[in-house]
Amino acid sequence: QVQLVESGGGLVQAGGSLRLSCAASGRTFSNYHMAWFRQAPGKEREFVAAIIRTGRYTFYADSVKGRFTISRDNAKNTVYLQMNSLKPEDTADYYCALKDGGVVTEGLLRYSTAYDNWGQGTQVTVSS
């Protein structure tokens, strides 16, 4: 069982930046595709970004494209989410997720049900 631990959340003003980290332990990190999802109060969990196990391809929700960047460092067993130009509507709990590294499609990576392991989440609050 891979353990995922997110960090880096906090309170930031609109227009500011945060960098989330998700550290994985337990198995070979480079075998897994990774993603970030978020869930705002009273709303369903939604896809934010995904990165395949090699890091070669990344995918984003339209709402964050151009503002957020997902990356990974397989040597450090860590995936990152750099969030710039934050907006109040980005306020949510952010979760990293892991999926076994087989053949996937972009469409599949956008579904939360495709993922095998989840972190406990880190809260991001953007004030206006």
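Scroll up for the structure.
The following paragraphs examine the structure supplied in this document. Since this is a predicted model, take the numbers as computed values, not measurements.

**So, the pairing of strand β7 (residues 68-73)**
1) Next: Alternating positions in β7 separate cleanly, Phe 68, Ile 70 and Arg 72 being buried on one face and Thr 69, Ser 71 and Asp 73 remaining unburied on the opposite face.
2) Next: In the sheet, β7 pairs with strand β8 (residues 78-83) via 6 bridges, with the strands oriented antiparallel. Within β8, the residue paired with Ile 70 across the bridge is Leu 81.
3) Next: The loop that links β7 with its antiparallel partner β8 comprises 4 residues; one of these, Asn 77, has a positive phi angle of about 55°.

**A short note on the state of the cysteines**
1) Next: Under the criterion given, the structure shown has 1 disulfide.
2) Next: The disulfide partner of Cys 22 is Cys 96, and the gap between their sulfur atoms is 1.9 Å. The disulfide joining Cys 22 to Cys 96 has a torsion of about 45° about its S-S bond and is therefore right-handed. Residue Cys 22 is located in strand β3 (residues 18-25), and its partner Cys 96 is located in strand β9 (residues 92-100); the two are separated by 74 residues in the primary sequence.

**Section: unusual backbone geometry**
1) Next: Here Asn 77, not a glycine, exhibits a phi torsion of approximately 55°, which is positive.
2) Next: Relative to the helices and strands, Asn 77 resides in the loop between β7 and β8.

**A few points about the side chain of Asp 90**
1) Next: Checked against the element boundaries, Asp 90 lands in the loop between β8 and β9.
2) Next: A polar contact of 2.8 Å, which involves the side chain of Asp 90, links it to the backbone nitrogen of Lys 87.
3) Next: In this view, Asp 90 contacts Arg 38, Arg 67, Phe 68, Ser 85, Val 124 and Val 126; residues no more than four positions away in its chain are not counted.

**Quick notes on the nonpolar core**
1) Next: Judged by nonpolar contacts, the single largest core of 40 residues is most densely connected at Met 34, Trp 36, Leu 81, Met 83 and Tyr 94.
2) Next: When contributions to this core are tallied by element, the ones reaching two or more residues are β3, β4 (32-39), β5 (46-51), β6 (58-60), β7, β8, β9 and β11 (122-127).
3) Next: Setting aside its immediate chain neighbours within four residues, Met 83 contacts Gly 16, Ser 17, Leu 18, Leu 20, Arg 67, Phe 68, Tyr 94 and Val 124.

**Examining the sheet that holds β7**
1) Next: Ordered in space as β1-β3-β8-β7, the 4 strands form an open sheet in which the pairing is antiparallel. Where the open sheet ends on each side, the last strands, each with one partner, are β1 (3-7) and β7. Geometrically, the sheet is characterised by an average inter-axis angle of 15° between neighbouring strands, direction not taken into account.
2) Next: In this structure, β3 lies alongside β8, joined through 6 bridges in antiparallel fashion. Within β8, the position partnered with Leu 18 by the bridge is Met 83.

Thresholds, definitions, all that
Residues numbered from 1 in each chain as written. Predicted model: local features only at pLDDT ≥ 70, side-chain atom pairs only at ≥ 80, totals over all residues. Heavy atoms only, no water. Buried < 20%, exposed > 50% of the residue type's maximum accessible area, 1.4 Å probe, protein only. Helix = DSSP H or I, 4+ residues; strand = E, 2+ residues; numbered from the N terminus. Pairing = 2+ DSSP bridges. Disulfide = S-S within 2.5 Å. Polar contact = N/O pair within 3.5 Å; in protein donor to acceptor, adjacent residues only side chain to side chain. Contact = heavy atoms within 4.5 Å. Core = buried A, V, L, I, M, F, W, Y, C linked by side-chain atoms within 4.5 Å. Axes fitted to C-alpha atoms, helices over the stretch in contact; angles between N-to-C directions.

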